[in-house]
Each structure stands twice: as C-alpha cells, then as structure tokens.
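Reading the structure
As a plain string of letters, each chain reads:
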Amino acid sequence: MPEASTLKYDGSTLSVCAEERWNLSDARKIYNLPFNDLLFQAHSVHREGFDPNAVQLSRLLSIKTGGCPEDCGYCSQSAHNPTGLKASKLMAVERVLAEARKAKEGGATRYCMGAAWRSPKDRDMETIVAMVEGVRELGMETCMTLGMLSPAQAARLGNAGLDYYNHNIDTSERFYSEIISTRTFADRLETLANVREAGIKVCAGGILGMGETTDDHIAMLVTLANLPVPPESVPINMLIPIPGSKLGNATPVDPLEFVRAIALARILMPRTHVRLSAGRTEMSDEMQALCFFAGANSIFVGDTLLTADNPGEDHDAGLFRRLGLKPMALGAAE
C-alpha cells in the first residue's frame, strides 16, 4: 500500500492505520482543520521524512514551444488559445546541454525538459534520448514532460536512464472536462501507469485557481496519494492567467487555501517532494514561507518556467538566506 495510506485522521490526531487508502471524507477533515493545527500536523509529518530547511532546486527548459493540439484552457502553448505565442521546432541537443550546464552551475540538481506536444513522435525519440543521456552525464537528475506516452515510448525513456517523467493530472476528475476536452482524465492516468511500468519516477500534480472548488483540490490530491505508488514529486501550481486563454480572467485562488493544499499534500504523501511551482511571482515572501513550513520542499529556479515568468535566482537566494533554507543535496530523502 502507498505510504500515505498509513496515516489516518480520526477527528483529533493522525494515527497509523495500515491497509487503508485515503478517502475524500478523511482528507476533507484534515484540510478543514483550524489553520494552525493543519500547519502543525503538516510540519510534523514533514520533519519525519525530510530536512525541514532543505529545498530541492530544479531548472525547467522549454525544448519545443507552442503549437500544441491540446485545448487546455490554462495554457499559452495551446494552438486553440490565441495567445500570440509562435510555435518553435525541437531544440538541438547541444543547446539543451549548454543550458543544463548553466543550470548545474546555478545550483540546480534536477533538469526538466518540456515539449508542447500531445505526445512525442517516434522520429523525435532519438533526439530526446540523446538529451536525457547528455544531462545524466553532467551528473544531474533528468525529467521530461512530453505529453502522453505509449508503453514503448516510456520503456525507451526508461532504458535511456530518465529519472522522472512529469505528467500533471491538473485537477479533480470531476472538474477535468471543464478545462480540457481533447484528452480525458483516464488518459492522464494511463500515461502515469506507463511511466511507472517503465521504472521511471513519477512527477504529477495540478493547478489551483482555474475555477474549481476546494473539494476539487482535495480530490486531486487524494487521487495522487492513492495511485499504486504515490508520485515521488508533486508540483502544486497557482494559475498564471494567460491573456487570450480560456482562463485569462480567472479569479485568483485564496492564498491561505493554497497553503492548505500544500499542507494536505504533505500529510497525504509524506515521502514525496512537494514542489511550489508556477505562480511564485504572484506570491509574497510570507506566503512562500508558509508553504515551506507546510511541507513544500522543491522549487524551480531561473527567470522563466517554459513561457511564464519565475522569480529570479537573486530573489530566491535572498529569500533562502532570510528563512535559513539551503539547497537540497542530490538524491536526498529518496
């Protein structure tokens, strides 16, 4: 059973309850605890599994931008959204590796490469494999996000030594069709299963602030926690409204509700790296500090995330100094 299923809220405490999986009712009780109690519980769980003052640093590069045939309502790279972003070709391997070297020099231990595809074409797999192998030779962890994968594609990436594959479920199964119609929630889970079968670690999370309910936040995290093996990495994104996209005028998620989601993710998935991901440019330092206390222990560094802005490395370094945080060593707590 997943490690997360060994914890169960009985109305006042978190106690061991073997052979059970999380259900929505129990997760909702935890999420709705008084804020201070929720943070105390989440931070206590966090300390059991991780150094509470260490944060894993990743760098994300868009290796193929724009022109995606999917109609994800939040995405600047969807061909369905008139955002003005032009499609590009797949980057050359050496350019990707040059950027990876810079990322390593900047303290990143994991290098994430993303392509705006529904799924990779077989003709592109040789180039993708060369990128994975090249980044691994630099001594960094590798992560790819390329859309849906067939079992054969996942196996090829696994054989190349890919460490992580990112494929977010985005939201709850109930709300999913409100933001995407070109693929199903089940399609997302199938790719995650293919990735796991290939021996690749799973990175899967979601986005808050798309018009979903609090219950959708909880249901999304319960789905992730109840996978046969919980994801090793869970990015929690705050929607960045993109002008021209379906969600360009979405109402921002309440900051304290966002912190609650981080805390619940930590409690449901005690051994998972919880990544404070997109949207940090709109978060105050105080909000980020609460997220780190609640169990977030991974961020993206660098000025951009695919096509969106990200806090600069100088700002992150200053925040780390003020909070007494340090970069996590490669392979820590795995």
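Residues numbered from 1 in each chain as written. Predicted model: local features only at pLDDT ≥ 70, side-chain atom pairs only at ≥ 80, totals over all residues. Heavy atoms only, no water.

Focus: the overall build of the chain
What counts, and what does not: The helix count covers DSSP runs of H or I at least four residues long, the strand count covers runs of E at least two residues long, and both are numbered beginning at the N terminus. Each residue is placed in one exposure class: buried if its accessible area under a 1.4 Å probe, protein chains only, is under 20% of its type's maximum, exposed if it is over 50%, and partly exposed if it falls in between. What makes two residues a contact is simply this: any of their non-hydrogen atoms within 4.5 Å. With residues, only the protein chains shown are counted as cover, and all accessible areas are computed by Shrake-Rupley using a 1.4 Å probe.
When you go through the chain residue by residue, the secondary structure sums to eleven helices and 14 strands. The proportion of buried residues among the 334 residues of the chain is 57%. Across the chain, every contact between residues at least 6 apart in sequence was considered, and the portion connecting residues at least 24 apart equals 72%. As presented, the chain carries roughly 13800 Å² of accessible surface, and 51% of it is formed by carbon and sulfur atoms.

Here we look at the confidence of the model for the chain
Basically, it comes down to this: pLDDT: the predictor's confidence for each residue, scored from 0 to 100.
Taken over all residues, the pLDDT of the chain has a mean of 87, while the share at 70 or more is 84%. Confidence over residues 1-8 falls short of pLDDT 50; this stretch has 34 contacts with residues more than four positions distant or in other chains.

So, the packing of helix 2 (residues 35-49) against helix 10 (residues 285-294)
Spelled out, the test is: Between N-to-C directions, angles span 0 to 180 degrees; the directions come from axes that are lines fitted to C-alpha atoms, helices contributing only their stretch in contact. Roughly parallel refers to an angle under 35 degrees, roughly antiparallel to one over 145, roughly perpendicular to one between 65 and 115, and oblique to any angle outside these ranges. Side-chain classes are defined by residue name, with Ala, Val, Leu, Ile, Met, Phe, Trp, Tyr, Cys and Pro counting as nonpolar, Asp, Glu, Lys and Arg as charged, and the others, Gly among them, as polar.
At a closest axis distance of 7 Å, the pairing of helix 2 and helix 10 adopts a crossing angle of 55 degrees. As the angle between them shows, helix 2 and helix 10 are arranged oblique. Listed contacts from helix 10 to F35, L39, A42, H43 and H46 of helix 2 are L290, F292, F293 and A294. Each residue belonging to the contact of helix 2 with helix 10 can be placed in one class, and the counts come to seven nonpolar, two polar and no charged.

Description of the environment of I169
Tracing the chain through its elements places I169 in the loop between strand 6 (164-166) and helix 6 (173-176). Between the alpha carbons of I169 and L192 there is a distance of 9.3 Å; along the sequence they are 23 residues apart. If near-sequence neighbours (up to four positions away) are discounted, I169 is found in contact with Y176, F185, R188, L189, L192, G205, M220, T223 and L224.

Brief notes about the packing of helix 4 (residues 125-137) against helix 5 (residues 151-160)
This is how it is decided: Definitions for this section: a left-handed crossing has its near helix turned counterclockwise from the far helix by less than a right angle. A right-handed crossing has that turn clockwise.
Direction vectors running N to C along helix 4 and helix 5 enclose 30 degrees, while the axes themselves pass 9 Å from each other. As summarised for this structure, helix 4 and helix 5 are arranged roughly parallel, according to the angle between their axes. The crossing of helix 4 and helix 5 is right-handed. Taken together, the residues of helix 5 that come into contact with helix 4 (itself represented by M125, E126, I128, V129, V132, E133 and R136) are Q153, R156, L157 and A160.

A look at the side chain of D216
The test is simple: Pairing of N or O atoms within 3.5 Å defines a polar contact, subject to two protein rules: one partner must be a possible hydrogen donor and the other a possible acceptor, and residues neighboring in sequence count only if both atoms are side-chain atoms.
Mapped onto the elements, D216 comes out in helix 8 (residues 214-225). Residue D216 is classed as buried on the basis of its relative accessible area of 2%. Within the structure, the side chain of D216 is placed 2.9 Å from the backbone nitrogen of T213, a separation counted as a polar contact.

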